[in-house]
Amino acid sequence: MAQMKYYYELTISSSPHVHSPVTTKTIMRDVLIALAPALIMGVVVFGFRALTVTAVSVLACYIFEKLWCKLMKQDDKTYDLSACVTGVLLAFVCPPTIAYWQIVLGAAFAILLVKMLFGGIGRNIVNPALAGRAFMFSWPVAMSTWVKAGWANQASIFSTADIVTEATPLANMHQGLMPDASLVDMFIGNIGGCIGETSALALLIGFVYLLYRKVISARIPLVYIGTVAVLTFLFPMGNDRITWMAAQLFGGGLMLGAIFMATDYVTSPITKLGQIVYAVGCGALTVLIRYFGGYNEGVSYAILIMNACVVLLDRIGRPVKYGAPKKEAAK
């Protein structure tokens with residue numbers, strides 16, 4: 001009987017040997033899907049200019065990143081959709097009346113100086129979209145012109161000459177007044193404001209989707225929002241604690257910031273305790289800036305400040321090395 005010979009093909013490679021279907025592209029795709037309800041509400045409330053501003057922002061971010069990679073002879077990773085996410089978020093924190101050239105300059109700052117100059121995705125120290133928004137306050141009037149809800153005419157795509165402006169509920173509360181909009185309108189998004197931050201309902205739908213897809217955990221958003229809720233309930237400026245607290249939660253960019261900005265993998269802590277401290281800091285700074293700052297919104301600056309503290313917060317709650325002496329374990 002002839003002896004049978006068996007041959008096995010072995011593939012030798014470096015670690016890791018376990019592969020996951022989750023990639024940067026799939027994560028960013030899920031984030032874009034989660035942002036879709038807020039974009040739809042933005043178009044419903046502010047008209048098609050909200051869509052064109054978002055499209056210009058996304059296209060500008062994509063082109064700037066592609067140009068950087070080509071000029072610097074780096075690997076082109078625009079296929080991972082991270083530039084598109086930055087473009088959407090940047091547009092979402094701007095009024096629909098923002099000039100196209102201004103959103104393009106904001107995209108250039110966010111991508112070139114905040115993201116790519118530091119090494120690209122995974123190496124930026126602050127959120128690019130929020131940094132771009134902070135830069136765009138070089139034009140404070142343009143960034144503080146709030147369109148009345150329901151303004152949606154075709155000519156507005158090319159011109160903002162006939163816009164109707166109004167104060168946002170958060171602007172009224174900054175002066176110690178109760179909001180002139182109902183809580184239902186604030187929750188649905190039938191109020192003036194930035195393109196993607198007015199509808200708490202649409203943002204919460206996106207939040208549920210991200211949790212279902214396990215893209216983010218609920219820890220940072222819930223602690224962030226909870227901190228704002230507790231502080232505004234304990235220290236109301238209006239005559240109704242519950243209404244004041246709810247208006248602070250639904251008005252402005254709290255939901256957008258807590259769900260989509262503060263949870264950024266790169267600029268948020270990796271330890272559970274660090275994430276809790278980070279979220280509490282974001283909430284406390286948001287209330288502090290809203291109450292005592294010169295500007296009525298504090299979400300973007302609160303998150304940027306806490307982004308700068310992440311390198312220290314990552315030292316909180318690190319697991320102890322098993323079997324190591326106390327001094328060595330603490331390093």
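Basis of the calculations
- Residues numbered from 1 in each chain as written.
- Predicted model: local features only at pLDDT ≥ 70, side-chain atom pairs only at ≥ 80, totals over all residues.
- Heavy atoms only, no water.
- Helix = DSSP H or I, 4+ residues; strand = E, 2+ residues; numbered from the N terminus.
- Buried < 20%, exposed > 50% of the residue type's maximum accessible area, 1.4 Å probe, protein only.
- Salt bridge = Lys/Arg side-chain N within 4 Å of Asp/Glu carboxyl O.
- Contact = heavy atoms within 4.5 Å.
- Polar contact = N/O pair within 3.5 Å; in protein donor to acceptor, adjacent residues only side chain to side chain.

A.B. asks: How should I be thinking about unusual backbone geometry in this particular structure?
C.D. replies: Peptide bonds are, in most cases, trans, and in most cases residues other than glycine have a negative phi. A positive phi angle is found at Lys73, which is not glycine, with a value near 55 degrees. Of note, Lys73 is situated in the loop between α2 (48–71) and α3 (82–92). A residue is classified by how much of its surface remains accessible, and Lys73, at 76% relative accessible area, is exposed. With a phi angle near 70 degrees, Leu81 is a residue other than glycine that sits in the positive phi range. Along the chain, Leu81 falls in the loop between α2 and α3.

A.B. asks: In this structure, what is going on with the pattern of salt bridges? I would like to understand it.
C.D. replies: Evaluation of the coordinates by the stated rule reveals four salt bridges. Residue Glu65 is joined to Lys115 by a salt bridge in which the shortest nitrogen-to-oxygen separation is 2.8 Å. Of the two residues, Glu65 sits in helix α2 while Lys115 sits in helix α4 (residues 100–115), which places them 50 residues apart along the sequence. With relative accessibility at 3%, the residue Glu65 sits in the buried group.

A.B. asks: How should the environment of Tyr291 be read in this particular structure?
C.D. replies: Of note, Tyr291 is situated in helix α13 (residues 272–292). Residue Tyr291 is classed as buried on the basis of its relative accessible area, which comes to 14%. With 55 residues separating them along the chain, Tyr291 and Pro236 place their C-alpha atoms 9.8 Å apart. Once residues within four sequence positions are removed from consideration, Tyr291 is found in contact with Thr232, Phe235, Pro236, Met237, Trp244 and Gln248. Among the polar contacts listed, one links the side chain of Tyr291 to the backbone oxygen of Phe235, at a separation of 2.7 Å. Here the side chain of Tyr291 touches Trp244 through a polar contact of 2.9 Å, side chain to side chain.

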